[in-house]
Amino acid sequence: MKFAQKIASAVLGPAPVSRDRALGLSERLAAVTTLTSSLEYLSQRKEIRQGGLNDWNIVKDVQAGSTPLVRRLLDAVSGPRTTTALHVTRAAVAAGMLLPGNSRLRGAGSLFLGTSSALLYPRHRYGTDGSDQVAILVQSATGAARLVRSPQAKDALLWYVALQANLSYLVSGWVKLIGEPWRDASALSGVMRTRTYGHPGMYRWTQEHPRAAKALTHGVLALECLFPLAYARGGRLARPVIASAAAFHLANGYFMGLGRFVTAFTAMHPMVAYTSAPRSHPAVAGRDDRALPVALALVTAAAGIAVGTAVQRRMRTTEGWHTSRVLTTRHGNELQYEVLSPGDDRRPVLVFAAGMVSTSEHFAWITERLVQDTGHGVLTYARAGYAGSRHRDPGRHTLSRSVDDLVDLVNGAVAPGRQVILVGHSLGGEIARRAARQLGDRVHGVVYLDASHPDELNRSAQQSETATRLRTSLVQMTWYLRLGTGILMARPDWLESLPVAYRKKVFAQYADARMWEAGLREWEAVEADFRAHRGELATIDGAHGLVVSAQQTVDRDPDQLLMHRELAEAHRGGRTRTVVVEGAGHDTLLTVSRYAHQVADAITEFFAQGPGDADADVADGATVTVGAAAAAGTGKETGK
């Protein structure tokens, strides 16, 4: 009985470490990380020379958006000789940090290692990883703690690292929990079969022992999600939690080749041990714990700001523009739409349908050009769940319901005797194609902008592979934003390409969970619909068909060009044309002004032609490429 009690006390209970002991262990483990890192880089110096993987003349382009001071500072340390000298010095200092002692000079050494790591991090764009970031964090804190004289300041710095450790495990675990591969325990075998981080022997073990592999996967998940339990009941679980985390990193180092992760992450563990021990323990007597309530107060304040920001963005998202109108469809959905121009009553109205997880404002460059240069009416709308449109349909969502909504919008928002030209990007193109069959004679034509094809998941290996990852991404984004992390979201680069007047509203939609929830609902319906597709496309009689493809799309996946041609061929009795916009990508086709204006010009020209007005050098149904020549005003390039 006494033996069992001894075992229990050895396993369960706090892991008391004094302040100086915690500092010494952490700075030495971080120094090993830096020493290993610099020796690795010194052994691969060819990578920083001209033509190497980290040739600064190429890598520095990533820093184009940094301030001039930062760029000059990085240039100063990024020459091959300077970089080599820095790594030699770092290796020497890191080796010195492994020697015994508690001198304040150790603080200067840690700060040098942390600062130099931060400066060299952009220099080694390919090769750095999370271990370098953790080392910078630990060395900055331990260096400052060595130099300050106040015990309270030292404790605040140690608490800072300990809280960062808890946060890193906690966030990592809950992010994994959102992903289905970790919940169904397929993640471990999936990682072990990869070339970069895999291990053939471990992969075979997961296949031969699926139950044990599942238990191990769920154990890792539980460890990360519940890491703060190290602080429960006076730190009684600190030893098993810290030991399990250390074992986890050792396993990663062996099986995944992440050797630096072992010393980097375990460098935070002494701080966890120090802060989790009860204050009554002699080893931590006099510890100042005021950092913890301050951190909790800051987290609470940040959560309040995040909620306020989310509410403000939700209101900006749903309010629409001052000219917005609303139409209720047969399924009870309320569609918010904009009549950007009524146009000439004798000409068709252009109705724009956006892609999945996209906004009607993505068409801004195109619609503004068409409003200015043509007499067509122009109408944009948001599908149910996007922007200010409400998803009220109580039934299970299917793609046909989105089609019905578009049909109802045309019949309700466009004068009964007036024709329409449906313009759809990506998924919006497929919705427009199906709506055109229902609308019949009301449709003058359909414009497909890098549109989806219902058979693409069956015929395109690239599209099928991407589809398997898309749902996971949508689920993760939805949960992240529901948890209020939208306040941390950076403005995407493509947003700056849109007209200035639209950027704030588009970003509000992008950082709001509603759009991603709607996208996830649509994707589940679309994937089921597309996977079940069989046979040829149904014909669209009488309506003209203009298919515009982005060059990057068809270059990466030639199957897409074939399917885009099939979209045009499905139009019977009307004129057809397939256009490839040179240099454009799937999204930049809309968001970059020069490509979007080429699209607008192609639409204007195509629908300005009469039945016998096709260009002499471009046969009906031909594919043409527009690019620099078209942008310069010389018209289409060579027909294909």
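All values derive from a computational prediction rather than experimental measurement. (Residues numbered from 1 in each chain as written. Predicted model: local features only at pLDDT ≥ 70, side-chain atom pairs only at ≥ 80, totals over all residues. Heavy atoms only, no water.)

S.K.: Summarise the overall build of the chain; cite the residues concerned and give the values.
M.R.: In terms of regular secondary structure, the chain is built from 28 helices and 11 strands. Considered along the principal axes of its C-alpha atoms, the chain spans approximately 95 × 60 × 55 Å. Counting the 640 residues in the chain, one finds 49% classified as buried. Taking as baseline every contact in the chain between residues at least 6 positions apart, the subset at least 24 positions apart corresponds to 76%. Total accessible area computed for the chain in this model is approximately 30000 Å², and 57% of it derives from carbon and sulfur atoms. (Helix = DSSP H or I, 4+ residues; strand = E, 2+ residues; numbered from the N terminus. Buried < 20%, exposed > 50% of the residue type's maximum accessible area, 1.4 Å probe, protein only. Contact = heavy atoms within 4.5 Å. Areas by Shrake-Rupley, 256 points an atom, 1.4 Å probe, with all protein chains shown as cover.)

S.K.: Can you break down the packing of aromatic side chains residue by residue, with the values?
M.R.: Counted according to the given criterion, the structure contains 10 aromatic pairs. Considering the side-chain rings of tyrosine 254 and phenylalanine 255, the 4.9 Å spacing of their centres and the 85° angle between planes classify their relative orientation as edge-to-face. Accessibility expressed as a relative area gives 61% for tyrosine 254, which makes it exposed. On the accessibility criterion, phenylalanine 255 (24% relative accessible area) is partly exposed. Members of the aromatic cluster, joined through ring pairs, are Tyr169, Phe227, Phe261 and Phe265. Just above the ring of tryptophan 182 sits the side chain of lysine 176; from NZ or CZ to the centre is 5.3 Å. The ring of phenylalanine 507 has arginine 491 sitting right over it, with the charged end atom 5.5 Å from the ring centre. (Phe/Tyr/Trp six-rings, centres within 6.5 Å; stacked < 30°, edge-to-face > 60°. Lys NZ or Arg CZ within 6 Å of the ring centre and 35° of its normal.)

S.K.: So what's going on with the pairing of strand S5 (residues 420-425)? Which residues, and what values?
M.R.: Two faces make up the sheet, and in a regular strand the side chains alternate between them. With six of six residues buried, S5 is to be regarded as a mostly interior element. On S5, burial covers both faces: Val420, Leu422 and Gly424 on one face and Ile421, Val423 and His425 on the other are all buried. Pairing geometry for strand S3 (residues 349-353) and S5, over five bridges, is parallel. Opposite alanine 353, over in S5, you have glycine 424 as the bridge partner. You can see the chain leave S5, run along helix H19 (residues 427-439) and come back into strand S6 (residues 443-449), and the turn it takes is right-handed. (Pairing = 2+ DSSP bridges. Right-handed = clockwise from strand over helix to strand, strands pointing away.)

S.K.: Please provide a residue-by-residue account of the pattern of salt bridges, values included.
M.R.: Tallied over the entire structure, the rule returns 33 salt bridges. A salt bridge links glutamate 334 to arginine 392, with the shortest nitrogen-to-oxygen separation between them at 3.6 Å. Of this pair, glutamate 334 sits in strand S2 (residues 334-341) while arginine 392 sits in the loop between strand S4 (377-381) and helix H18 (399-413), placing them 58 residues apart in sequence. Given a relative accessible area of 48%, arginine 392 falls into the partly exposed group. With a shortest N-O distance of 3.8 Å, glutamate 605 and arginine 577 are connected by a salt bridge. Taken together, the positions of glutamate 605 in helix H27 (residues 593-608) and arginine 577 in strand S10 (residues 576-581) put the pair 28 residues apart, joining distant regions of the chain. The class of arginine 577 is buried, set by a relative accessible area of 6%. When salt bridges that share partners are traced, they join Glu430, Arg433, Arg434 and Asp529 into one network. (Salt bridge = Lys/Arg side-chain N within 4 Å of Asp/Glu carboxyl O.)

S.K.: Before we move on, can you summarise the confidence of the model for the chain with the specific residues and values?
M.R.: The predicted model of the chain has a mean per-residue pLDDT of 89, with 94% of residues at 70 or higher. In the model, residues 628-640 has pLDDT below 50 throughout and makes 23 contacts with residues more than four positions away in sequence or in other chains. (pLDDT = per-residue confidence, 0-100.)

S.K.: An account of the sheet that holds strand S1 (residues 325-328) is needed here, citing residue identities and associated values.
M.R.: Pairing in this open sheet of nine strands is mixed, and the strands run S1-S2-S4-S3-S5-S6-S8-S10-S11 from one edge to the other. Sheet topology places S1 and strand S11 (623-626) at the edges, where each strand pairs with a single neighbour. If you compare each strand with its neighbour and ignore which way they point, the axes differ by 25° on average. (Axes fitted to C-alpha atoms, helices over the stretch in contact; angles between N-to-C directions.)

S.K.: Lay out the nonpolar core in plain terms, naming residues and giving numbers.
M.R.: If you look at the biggest cluster of nonpolar residues, it comprises 63 residues, and the most contacted ones within it are Tyr381, Leu406, Val420, Leu422 and Val443. Here the element with the most residues in this core is helix H23 (residues 513-531); it accounts for eight residues. The residues touching leucine 422, leaving out its near neighbours within four places in the chain, are Val351, Val410, Ala432, Ala435, Ala436, Leu439, Val443, Gly445, Val446 and Val447. (Core = buried A, V, L, I, M, F, W, Y, C linked by side-chain atoms within 4.5 Å.)

S.K.: So, the side chain of arginine 433: which residues are in play, and what are the values?
M.R.: Note on placement: arginine 433 falls in helix H19. Setting aside its immediate chain neighbours within four residues, arginine 433 contacts Tyr448, Pro454, Leu537, Ala538, Ile540 and Leu567.

S.K.: Got a sec to walk through the side chain of serine 358? Specific residues and values, please.
M.R.: Considering the arrangement of structural elements, one finds serine 358 in the loop between S3 and helix H17 (364-373). Discounting chain neighbours no more than four positions away, the residues touching serine 358 are Tyr386 and Met515.

S.K.: Can you tell me about unusual backbone geometry, naming the residues and giving the values?
M.R.: At alanine 185, a position not held by glycine, the phi torsion is positive, near 70°. Looking at the secondary structure, you find alanine 185 in the loop between helix H9 (180-183) and helix H10 (187-192). On the basis of relative accessibility, which here comes to 12%, the residue alanine 185 falls in the buried class. Phi is positive for alanine 387, close to 50°, though the residue is something other than glycine. Within the element layout of this structure, alanine 387 appears in the loop between S4 and H18. Looking at alanine 387, the relative accessible area reads 9%, which means it is buried.

S.K.: Please provide a residue-by-residue account of the packing of helix H2 (residues 19-43) against helix H6 (residues 105-120), values included.
M.R.: The interhelical angle for the contact between H2 and H6, taken along N-to-C directions, is 40°, at an axis separation of 11 Å. In this view, H2 runs oblique relative to H6, as classed from their interaxial angle. In this structure, the crossing between H2 and H6 has a hand that is left-handed. Residues Glu27, Arg28 and Thr34 of H2 lie in contact with H6, whose contacting residues are Arg106, Ser110, Leu113 and Ser117. Of the residues contributing to the contact of H2 with H6, the split by class is one nonpolar, three polar and three charged. (Parallel < 35°, antiparallel > 145°, perpendicular 65-115°, else oblique. Left-handed = near helix turned anticlockwise from the far one by under 90°. Nonpolar A, V, L, I, M, F, W, Y, C, P; charged D, E, K, R; others polar.)

S.K.: Explain the pairing of S4 to me, and be specific about the residues and the numbers.
M.R.: Taking burial as the measure, the five residues of S4 include five buried ones, the bulk of the element. Both faces of S4 are covered, namely the face carrying Gly377, Leu379 and Tyr381 and the face carrying Val378 and Thr380. Bridge analysis of S3 against S4 gives four bridges, and the strand direction is parallel. Across the sheet, leucine 350 pairs through a bridge with valine 378, a residue of S4. With respect to chirality, the unit in which S3 leads through H17 into the neighbouring parallel S4 is right-handed.

S.K.: Lay out the environment of arginine 81 with the relevant residues and their values.
M.R.: Locating arginine 81 in the fold gives a position in helix H5 (residues 80-97). A relative accessible area of 79% means that arginine 81 is categorised as exposed. Between the C-alpha atoms of arginine 81 and arginine 49, which are 32 residues apart in sequence, the distance is 9.7 Å.

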